[in-house]
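# Commentary on secondary and tertiary structure
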Amino acid sequence: MTGAGTGKGLELLHKEKGVAGFLVSSTATTPKQVTAINDFIKRECDEHPYFVGFGSMHPAFENAEEEIERMYQLGLRG
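What this report covers is the structure whose coordinates are included nearby.

Procedures and definitions
Counting starts from 1 at the beginning of each chain's written sequence and moves along it residue by residue. With pLDDT at 70 or above as the cut-off, local features in this predicted model cover only qualifying residues; side-chain atom pairs require 80 or more to be listed or tallied, and sums for whole chains, interfaces and linings still use all residues. Side-chain metrics in this entry use all non-hydrogen atoms of the structure; hydrogen atoms and water are not considered. Secondary structure elements are taken from DSSP: a helix is a run of H or I of four residues or more, a strand is a run of E of two residues or more, and numbering for both begins at the N terminus. Using a 1.4 Å probe on the protein chains alone, a residue whose accessible area is under 20% of its type maximum counts as buried, one over 50% counts as exposed, and one in between counts as partly exposed. By definition in these notes, contact holds between two residues if any of their heavy atoms fall within 4.5 Å. Residue exposure ignores everything except the shown protein chains as possible cover, and the areas themselves are Shrake-Rupley values with a 1.4 Å probe. The positive count covers Lys and Arg only, the negative count covers Asp and Glu only, and His and the chain ends enter neither. The location of each charge is read from NZ of Lys, CZ of Arg, CG of Asp or CD of Glu. Salt bridge, as used here: a side-chain nitrogen of Lys or Arg that lies within 4 Å of a carboxyl oxygen of Asp or Glu. Put simply, buried Ala, Val, Leu, Ile, Met, Phe, Trp, Tyr and Cys residues joined by side-chain atoms within 4.5 Å make one nonpolar core. Polar contacts, as counted here, are pairs of nitrogen or oxygen atoms within 3.5 Å of one another; within protein the pair requires one atom able to donate a hydrogen and one able to accept it, and residues that are adjacent in sequence qualify only if both atoms are side-chain atoms. Only residues whose relative accessible area exceeds 30% and that form no salt bridge are eligible for patches; like-charged ones are grouped when within 9 Å, while nonpolar side chains (Val, Leu, Ile, Met, Phe, Trp, Tyr) are grouped when within 5 Å.

### Here's the deal with the overall build of the protein chain
When its secondary structure is counted, the protein chain shows three helices and two strands. Along the chain direction, N to C, the helices and strands of the protein chain fall in the order α-β-α-β-α. Taking the principal axes of its C-alpha atoms as reference, the protein chain extends roughly 45 × 25 × 15 Å. Counting every position in the protein chain, which comprises 78 residues, the buried fraction comes to 33%. Counted over contacts in the protein chain with a minimum sequence separation of 6, partners at least 24 positions apart contribute 56%. Accessible surface for the protein chain amounts to roughly 5300 Å². Of this, 54% is attributable to carbon and sulfur atoms. Each charge class in the protein chain can be summarised by its mean position, and for the 8 positive and 11 negative side chains these summaries are 8 Å apart.

### Some remarks on the pattern of salt bridges
Applying the stated criterion across every chain yields a total of three salt bridges. When the shortest N-O distance is used, the salt bridge between Asp-46 and Lys-42 registers 2.9 Å. You can see Asp-46 and its partner Lys-42 sitting in helix α2 (residues 34-47), four residues apart, about one turn around the helix. Classification of Lys-42 by relative accessible area gives partly exposed; the value is 24%.

### A look at the nonpolar core
Of all hydrophobic cores here, the largest spans 15 residues; its most connected members are Leu-10, Phe-22, Val-24, Ile-41, Cys-45, Phe-51 and Leu-76. Broken down by secondary-structure element, the contributors of at least two residues to this core are α1 (7-17), β1 (22-24), α2 and α3 (64-74). Residue contacts for Val-24: discarding those within four places in its chain leaves Ile-41, Cys-45, Phe-51, Val-52, Gly-53 and Phe-54.

### Comments concerning the side chain of Ser-56
For Ser-56, the location among the structural elements is in the loop between β2 (51-53) and α3. At 3.1 Å, the side chain of Ser-56 and the backbone oxygen of Ser-26 are in polar contact. Not counting chain neighbours up to four residues away, the residues in contact with Ser-56 comprise Ser-26, Thr-27, Ala-28, Val-34, Ile-37, Asn-38 and Met-71.

### Notes on a nonpolar patch on the surface
Taken together, Leu-23, Val-52 and Phe-54 make up a surface patch of nonpolar side chains, about 260 Å² in accessible area. Mapping Leu-23 onto the fold places it in strand β1.

Right, here's the structure in full:
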């Protein structure tokens with residue numbers, strides 16, 4: 001299937017195949033990736049209301065509690 005895994009590809013599955021929704025996530029492999037990944041997931045969820053965003057965290061991220069609160073404010077889960 002062309003486009004599988006992209007926002008556009010998942011949109012086609014949503015419309016053409018009747019898939020109700022998708023859990024979207026990404027793994028932060030370094031601490032510096034955490035906020036950028038969470039911002040990206042939020043943008044994708046805003047663009048595609050049938051996406052459920054699963055926030056990302058890294059064990060060495062310095063401000064984990066603050067970022068978890070921010071993820072909650074962004075509407076991300078997990």
